[in-house]
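Letter by letter, the chains look like this.
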Amino acid sequence: MFGLSGEHLLILAGVLLIFGPRKLPELGASVGKALRNFKEGLNSPPSSGKVEVLKDESAAPKDATSENPSDALKTTKPTGDKS
């Protein structure tokens, strides 16, 4: 079932040299989670293609938010008297 050839062993040895024995379990877990999420995405019903963005208004300070996002790009005049 799992035929390991010389190429496979060479790749595994290279991964061991690059990441080290301490990082291999963490790397394996992250690859496993990524594969699981990919398979779940393939099996889930198709979405409308739109991405919904949720705002967390409690995290932003009230004075830093604006109704118009382009207001953040506008520059303000200095308040000091130079006349």
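Figured I'd write up the structure that's included with this text. (Residues numbered from 1 in each chain as written. Predicted model: local features only at pLDDT ≥ 70, side-chain atom pairs only at ≥ 80, totals over all residues. Heavy atoms only, no water.)

## Section: the overall build of the chain
As a reminder, the rule being used: Helix and strand assignments come from DSSP, with helices taken as H or I runs of at least 4 residues and strands as E runs of at least 2, each series counted from the N terminus. Accessible area is worked out with a 1.4 Å probe on protein chains only. A residue is then buried under 20% of its type maximum, exposed over 50%, and partly exposed in between.
Helix and strand counts for the chain come out as 1 helix and 0 strands. Looking at the chain as a whole, 1% of its 83 residues qualify as buried.

## Re a nonpolar patch on the surface
Spelled out, the test is: Here a patch means residues that are over 30% exposed by relative accessible area and free of salt bridges, tied together within 9 Å if like-charged and within 5 Å if nonpolar (Val, Leu, Ile, Met, Phe, Trp, Tyr). The accessible surface values rely on the Shrake-Rupley method and a 1.4 Å probe; as for residues, cover is taken only from the protein chains in view. Every case where a carboxyl oxygen of Asp or Glu lies within 4 Å of a side-chain nitrogen of Lys or Arg is listed as a salt bridge.
Taken together, the side chains of Leu 4, Leu 9 and Leu 12 present a nonpolar region at the surface, about 310 Å² in accessible area. Position of Leu 4 relative to the elements: it lies in the segment before α1 (6–43). The class of Leu 4 is exposed, set by a relative accessible area of 57%.

## Regarding the pattern of salt bridges
Summed over the entire model, instances satisfying the criterion amount to 1 salt bridge. The salt bridge involving Glu 26 is made with Lys 23; its shortest N-O contact spans 3.9 Å. Here the residue Glu 26 and the residue Lys 23 both occupy positions in helix α1, the gap between them amounting to 3 residues, near one helical turn. The exposure class of Lys 23 is partly exposed, given its relative accessible area of 45%.

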